[in-house]
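Residue-level structural notes
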Amino acid sequence: MNNRQVMEMDAKYVGRTFARFPLAVASGEGARLWDADGRAYLDFFSGLAVNSLGHCHPAVLEAMRAQAGRFAHCSNLYHCEAQAKLARLLCQESFAEKVYFANTGAEATELCLKIARKHGAARGRFEVVAMENSFHGRTYGALSATGQPKYHKGFEPMLPGIRHVPFNDLEAVEAAVGPKTAAVLVEPIQGEGGVRVADDAYLRGLRRLCDRRQILLIFDEIQTGLGRTGRLFYYQHLGKDCLPDLMPLAKSLGGGLPLSAVLARGRAARVLGLGDHGTTMGGNPVACAAGLASLETLLLHDLPHKALLWGEVLQQGLLRIKKRAGLIREVRGRGYMVGAELAGPALPVAQEALRLGLMVNATAGNVLRLLPPLIAQGPEIEEALKILDAVFKNPKIQGQLKKKKK
């Protein structure tokens, strides 16, 4: 089937909740995808930070095939080697004492909220302080924690017990924490909110505040985790005195398959008992085998550190474009999680980049988000920057951005 045929079938049968670009993905390898008409694209969106090793990495494919050849699924009423091995490696490489598996980032967030509430139940604590401009998922608990009213519209009322305060404002959090507060929930970098990076001092201050008030600190590392920002986990940028109590992971955890987890330590790791939580598909053996192979490959080749180095090269290239074109207001991010805030809407820029063979993302209205696979290095960065330079030189794009700038 070609692009047109796939898109026509999609329009007829698939529910319309995504504003899709006009192409159908047919295959991928490394940092590239091909559409159903045979055209190649440099993928600097990575399936929204999922394909950290690019497409069809041989180690991940082999792990999938091997596990699927033995059995593809078993109930969580039985033990599973792939699940246990992945949990062990996650604990060895992080602060975690226990790992709880699920399927999606939203599910992992929901479990964090459940743990926070059960932890605080004996003291009458159930509220969670979350941040404005945040994004935590589409299920009701995660959606209620999301600090963007546009996602709530039409689905109100949201669940009670969530208080939103300005991001990166420690005093606002301190003022919001009260006798009913069970936890503070924060993204170290707000991805959907425009690649906004939390100050290190702010995150450390949250840790001290939560210790002082004996409440849980939840770092949502669904997008920042697993090497994307230059360390395996974002909290590792902050030192040993700033460990979260709970940390949801997803995106690249399953090596391209649906898999999420909650990492827990201390009090948070001891809250749940038998029957307090469950999942039919969470921790699926094939997904865990793929996730284990992916994580082992990240560590073997030190890809988080390489993402830190090459991410700086990418940001410097964007700053050069900013200087030449004057249509980029700010470049921000860490490692391979990069945002360019534009003078106008980012969607036309992303559309033009796609036309020229580069996949990037528009978020928060005027932010161009780049999430390259961690395997991308000099040649891919040079190609991406060349395409973006051409996009910003396009008179039509310049006209759209300069019009908004005024």
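Residues numbered from 1 in each chain as written. Predicted model: local features only at pLDDT ≥ 70, side-chain atom pairs only at ≥ 80, totals over all residues. Heavy atoms only, no water.

Enumeration according to the criterion identifies four aromatic pairs in this entry. When the centroid spacing of 5.2 Å and the interplanar angle of 70 degrees are considered together, the rings of Phe95 and Tyr235 count as edge-to-face. Placement of the pair is Phe95 in the loop between helix 4 (81-92) and strand 4 (98-102) and Tyr235 in the loop between strand 10 (216-219) and strand 11 (246-249), with a sequence separation of 140 residues. Accessibility classification places Phe95 together with Tyr235 in one group, the buried group. In this structure an aromatic cluster arises from ring pairing among Phe95, Phe233 and Tyr235. (Phe/Tyr/Trp six-rings, centres within 6.5 Å; stacked < 30°, edge-to-face > 60°. Helix = DSSP H or I, 4+ residues; strand = E, 2+ residues; numbered from the N terminus. Buried < 20%, exposed > 50% of the residue type's maximum accessible area, 1.4 Å probe, protein only.)

Here we take up the environment of Ala176. Here Ala176 lies in helix 8 (residues 170-176). Exposure remark for Ala176: the relative accessible area of 5% places this residue in the buried category. Remark: the alpha-carbon pair of Ala176 and Gly28, spanning 148 residues in sequence, is separated by 47 Å. Not counting residues up to four positions away in its chain, the partners in contact with Ala176 are Val129, Arg163, Val165 and Thr181. (Contact = heavy atoms within 4.5 Å.)

This part covers helix 5 (residues 105-121). Its 17 residues give helix 5 an end-to-end C-alpha distance of 24 Å, which sits within 8% of 24 Å, the value for a rise of 1.5 Å per residue. Among the residues making up helix 5, those that are buried are Gly105, Ala106, Ala108, Thr109, Leu111, Cys112, Leu113, Ile115, Ala116, His119 and Gly120. (Expected span 1.5 Å × (residues − 1).)

What follows deals with the nonpolar core. Formed by 97 residues in total, the largest nonpolar core has its most connected members in Leu90, Val173, Val184, Leu203 and Leu263. In terms of residue count, helix 10 (residues 285-300) provides more of this core than any other element does, nine residues in total. In contact with Leu90, not counting residues within four places along its chain, are Val99, Phe101, Phe233, Leu249, Leu253, Leu263 and Leu295. If you look at the next biggest cluster of nonpolar residues, it comprises 23 residues, including Ile162, Ala182, Leu185 and Ala269. (Core = buried A, V, L, I, M, F, W, Y, C linked by side-chain atoms within 4.5 Å.)

What follows concerns the pairing of strand 7 (residues 181-186). With six of six residues buried, strand 7 lies mostly within the body of the structure. In this structure, strand 5 (residues 127-131) lies alongside strand 7, joined through three bridges in parallel fashion. In the strand pairing of strand 7, Glu127 is matched with Thr181. Bridge count between strand 7 and strand 10: four bridges; the pairing is parallel. When the bridges of strand 10 are listed, Val186 appears paired with Phe219. (Pairing = 2+ DSSP bridges.)

Position of Arg228 among the secondary structure elements: in the loop between strand 10 and strand 11. In this structure, Arg228 is buried with no salt-bridge partner, the nearest side chain bearing the opposite charge being Asp43 at 8.9 Å. At a separation of 2.7 Å, a polar atom in the side chain of Arg228 contacts the main-chain carbonyl oxygen of Tyr336. Within the structure, the side chain of Arg228 is placed 2.9 Å from the backbone oxygen of Pro372, a separation counted as a polar contact. (Lys, Arg positive; Asp, Glu negative; His and termini not counted. Salt bridge = Lys/Arg side-chain N within 4 Å of Asp/Glu carboxyl O. Polar contact = N/O pair within 3.5 Å; in protein donor to acceptor, adjacent residues only side chain to side chain.)

Attention shifts here to the packing of helix 12 (residues 347-355) against helix 13 (residues 378-393). When two helices pack together, their arrangement is given by the angle between the helix axes and the distance between those axes. Running from N to C, helix 12 and helix 13 point in directions that differ by 125 degrees, and their axes come no closer than 9 Å. Taken together, the axes of helix 12 and helix 13 are oblique relative to one another. Helix-helix and strand crossings are classified by hand; for helix 12 and helix 13 the assignment is right-handed. The segment helix 12 lies against helix 13, with Val349, Glu352 and Ala353 engaging Ile387, Leu388, Val391 and Phe392. (Axes fitted to C-alpha atoms, helices over the stretch in contact; angles between N-to-C directions. Parallel < 35°, antiparallel > 145°, perpendicular 65-115°, else oblique. Left-handed = near helix turned anticlockwise from the far one by under 90°.)

We now examine the sheet that holds strand 15 (residues 358-359). Strand order in the open sheet made by the four strands is 1-2-3-15, with mixed pairing throughout. Single-partner strands in this sheet number two, and they are strand 1 (25-29) and strand 15. Of the pairings in the sheet, the one linking strand 2 (residues 32-35) to strand 3 (residues 40-43) comprises three bridges and is antiparallel in character. Paired with Leu33 across the strands is Tyr41, a residue of strand 3.

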